Amino acid sequence: MTSPNPKDAMVPFRIGNAQIRPDELRIEANGIAIDVEPKVMTLLLELSFNAQTVVSRADLIERVWQRDFGSDESLTRAISLLRKAFREVDGQREYIKTIPKRGYQLIAPLEHTDGHAGAIVNSTKLQTRITRSNLRRGFAGFAILVCFASIWGWLSLREQPMEHEAPILAVLPLQNIGEDEQDYLSDGYAEEIMNKLTGLEGIRVAGRSSSFALAKSEDDALAVGRQLNAKFVMEGTLQKSDDLIRVNVQLVDVKDGTLIWSNRFDKQMTEAFEVQDAIADSVARAIGARVLPTRDYSPDPRAYVLYLRALHKLRRSQIEGNEGAVALFEDSVGIDPNYGPSHAALSVAYTEYALRSRDETESTRDKAMASAQKALQFNPNSAMALTAIAAVKGQRQQWVESRRLYEQAIAIDPAAETPTVHLWTLMTVTGDKTGRNALIEGARELNPNSTALALVQSFAAFDELDFERAVEFGRQAKTLGGISIELPVSLAILGQNEEALEVYEDMIKDWPTPEVAQTNQRRLLRSFNDEE
């Protein structure tokens, strides 16, 4: 029996009970047809070409994504989509097997529809025809141009960020080289500069949680910038002695380490805002972004220091931290009631406390609304205040208004983690699963090392029964210090019980209360018993 001619490789063929139509990007069985993406079909063809053989992840990435454009995440997603398609058309058979630490293997029998059994030609030779077929179906009038264009050049442009997108700037926390216990000041300075640059035309600012988390690693600034896909990185030092501060800051091109701009500022604490404004304005000019508007109000220095200390505490997740933050914010607005950011941050502290505490919940929400509305009087575009109001309305089940306000806050500050996670939760509660995934994927472009975003992606994948991606994102969250209950459960479902138990044993040390530990233990043990 002769294998088919490679030139006829786009003809339909069978894998197990499924009919594969490469030219139509379709998998069919039992009267059900599933359309797949071009890259997913290309991956299937590559596995088919190597049927019954283990193909390493590295080889699949190189052959399907041409190395430069692929990633572990892309491959994991494509494998997951293939398995999902096969489950939907033929749930009785396993088609693709994961070989731990080696790769993937197509284990279902392969046969061409003309009766020939055998190999499929190498998928890299077919990728152009697959993509062109997809274009014909969706953009018929564009097909003639595609025939004369370099299809691989077009693909590379499509899979990389578009050139018109503004470059990313990573603002790292300033290194405190002065007195101890003043990280709140150095972090606060950097965050104020970040806030002033956020939303300017001509630049996108990487998310705070990712920039600050990576900055605490052993990597240098350029390595951090590369991990954040940033074009520029800003770093520096801050030293405070009595009422004097010295700030050294520099802006560097991530690609080649070229120093673009640097300066040193020796000022009184009362001139803190002049320093922050001068740095932000200089950075904006150096990278070609729109010049910043002049600050129209500078708060009392005592109120500002309390605000920075409170903001530092608010980053902590325990209730005690929120209580301490609330008290400091209240002191700050008591000293200077006209400083809008203190009111905005206080409103968020109230909403977080109301969410975590069982005491005086409704009265705390009323306080959050009052503080947020006060903040909006000073700045109608305060993303923090809008987030607080949206949270209160969501807790009161006013879904439509809550969603509108969250979306408004995210439009103002696209890298903001809190409104993104809260909106994702709201979309989950109201059943908008498609929209929630797009929301998180967009947010992670600017905040790729966000623990919270990785956690919700793990939950979303688990909720959609995509256990491989739940493991992928759960591992990311674990690396970033998060606790994903979906990680060990998904590992157990996938039959990787040894690793699941190891992850579980690590997790129980960090669960905050016995009640949480007991609930999660029952869930894990149930998943293990189901597998056994």
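Everything numeric here is computed off the predicted structure, so don't read it as measured data. (Residues numbered from 1 in each chain as written. Predicted model: local features only at pLDDT ≥ 70, side-chain atom pairs only at ≥ 80, totals over all residues. Heavy atoms only, no water.)

**Considering the overall build of the protein**
- Helix and strand content of the protein: 23 helices and 14 strands.
- Long-range pairs, those at least 24 residues apart, make up 60% of the contacts in the protein with a sequence separation of at least 6.
- Element-wise, carbon and sulfur atoms account for 48% of the exposed surface of the protein, whose accessible area totals about 26,000 Å². (Helix = DSSP H or I, 4+ residues; strand = E, 2+ residues; numbered from the N terminus. Contact = heavy atoms within 4.5 Å. Areas by Shrake-Rupley, 256 points an atom, 1.4 Å probe, with all protein chains shown as cover.)

**What to know about the pattern of salt bridges**
- By the definition in use, this model includes 18 salt bridges.
- Between E24 and R26 there is a salt bridge, with its nearest N and O atoms 3.7 Å apart.
- Of the charged contacts, one joins R246 and D266 as a salt bridge, the two residues approaching to 2.6 Å between their closest N and O atoms. With a gap of 20 residues between them, R246 in strand β13 (residues 244–253) and D266 in strand β14 (residues 259–268) connect regions that are remote in the sequence. (Salt bridge = Lys/Arg side-chain N within 4 Å of Asp/Glu carboxyl O.)

**Section: the side chain of D466**
- Topologically, D466 is positioned in the loop between α19 (451–463) and α20 (467–479).
- One buried charge, D466, has no salt-bridge partner; the nearest side chain with opposite charge is R469, at 4.6 Å.
- Once residues within four sequence positions are removed from consideration, D466 is found in contact with S80 and A461. (Buried < 20%, exposed > 50% of the residue type's maximum accessible area, 1.4 Å probe, protein only. Lys, Arg positive; Asp, Glu negative; His and termini not counted.)

**So, empty space enclosed by the protein**
- Overall, the coordinates contain one cavity of 30 Å³ or more when judged by the stated rule.
- Taken as a whole, the largest cavity holds about 60 Å³ of empty space.
- With four residues, the top contributor of residues to the lining of the largest cavity is helix α7 (residues 183–197). (1 Å grid on protein atoms, 1.4 Å probe; cavity = no way out; pocket = protein on both sides within 12 Å on 5 of 7 lines; lining within 4 Å. Points joined across faces, edges and corners; volume = space filled by probe spheres on them.)

**Section: the packing of aromatic side chains**
- Overall, the coordinates contain seven aromatic pairs when judged by the stated rule.
- A ring pair is formed by Y304 and Y339, whose centres lie 6.3 Å apart and whose planes are at 75°; its orientation type is edge-to-face. Of this pair, Y304 sits in helix α11 (residues 301–314) while Y339 sits in the loop between α12 (319–335) and α13 (340–356); the two residues are 35 residues apart in sequence, bridging distant segments of the chain.
- Chaining the aromatic ring pairs together yields one cluster made of Y304, Y307, F329 and Y339. (Phe/Tyr/Trp six-rings, centres within 6.5 Å; stacked < 30°, edge-to-face > 60°.)

**Comments concerning the packing of helix α18 (residues 433–446) against α19**
- One way to put it is that α18 packs onto α19 with a least axis distance of 10 Å and a crossing angle of 150°. Judged by the angle between their axes, α18 and α19 are roughly antiparallel. In the crossing of α18 with α19, the sense of the turn from one axis to the other is left-handed. In this structure, α18 uses K433, R436, N437, I440, E441, A443 and R444 to contact α19, whose residues at the interface are L453, A454, V456, Q457, F459, A460 and D463.
- In terms of residue class, the contact of α18 with α19 is made up of seven nonpolar, two polar and five charged. (Axes fitted to C-alpha atoms, helices over the stretch in contact; angles between N-to-C directions. Parallel < 35°, antiparallel > 145°, perpendicular 65-115°, else oblique. Left-handed = near helix turned anticlockwise from the far one by under 90°. Nonpolar A, V, L, I, M, F, W, Y, C, P; charged D, E, K, R; others polar.)

**Looking at the environment of T479**
- Mapped onto the elements of the fold, T479 is located in helix α20.
- Residue classification places T479 among the exposed residues on the basis of a relative accessible area of 71%.
- Placed 28 residues apart in sequence, T479 and T451 show a C-alpha to C-alpha distance of 8.6 Å.

**Thoughts on the packing of helix α17 (residues 417–429) against α19**
- Taken N-terminus to C-terminus, the directions of α17 and α19 make an angle of 15°; their axes are 10 Å apart at the nearest point. With respect to α19, the element α17 is oriented roughly parallel. Handedness of the crossing formed by α17 with α19: left-handed. For the pair formed by α17 and α19, the contact residues are E417, T420, V421, W424 and T428 on the first element and T451, A452, L453, V456, F459 and A460 on the second.

**Description of the sheet that holds strand β6 (residues 96–99)**
- Strand order in the open sheet made by the three strands is β5-β7-β6, with antiparallel pairing throughout. For this open sheet the edge positions go to β5 (55–56) and β6, each flanked by a neighbour on one side alone.
- Here β6 runs beside strand β7 (residues 103–106); their pairing, made up of four bridges, is antiparallel. Bridging from a neighbouring strand, I96 pairs with L106 of β7. (Pairing = 2+ DSSP bridges.)

**Looking at helix α10 (residues 272–286)**
- With 15 residues, α10 extends 21 Å between its outermost C-alpha atoms, agreeing within 8% with the 21 Å of an ideal straight helix rising 1.5 Å per residue.
- At its buried positions, α10 is contacted by β9 (168–171), α7, β12 (232–241), β13, β14 and α11.
- Count one or two residues on from α10 and you reach G288, which has phi positive near 80°. (Expected span 1.5 Å × (residues − 1).)

**Comments concerning the pairing of β14**
- Pairing of β13 with β14, which is carried by nine bridges, proceeds in the antiparallel orientation. Note on β14: the bridge partner recorded for I245 is K267.
- Linking β13 to β14, which pair antiparallel, is a turn of five residues; within it G257 sits at a positive phi near 75°.

**Focus: the environment of A190**
- Locating A190 in the fold gives a position in helix α7.
- A C-alpha to C-alpha distance of 5.2 Å links A190 and P173, two positions 17 residues apart in sequence.
- For A190, the contacting residues outside a window of four places in its chain are V171, L172, P173, L174 and F212.

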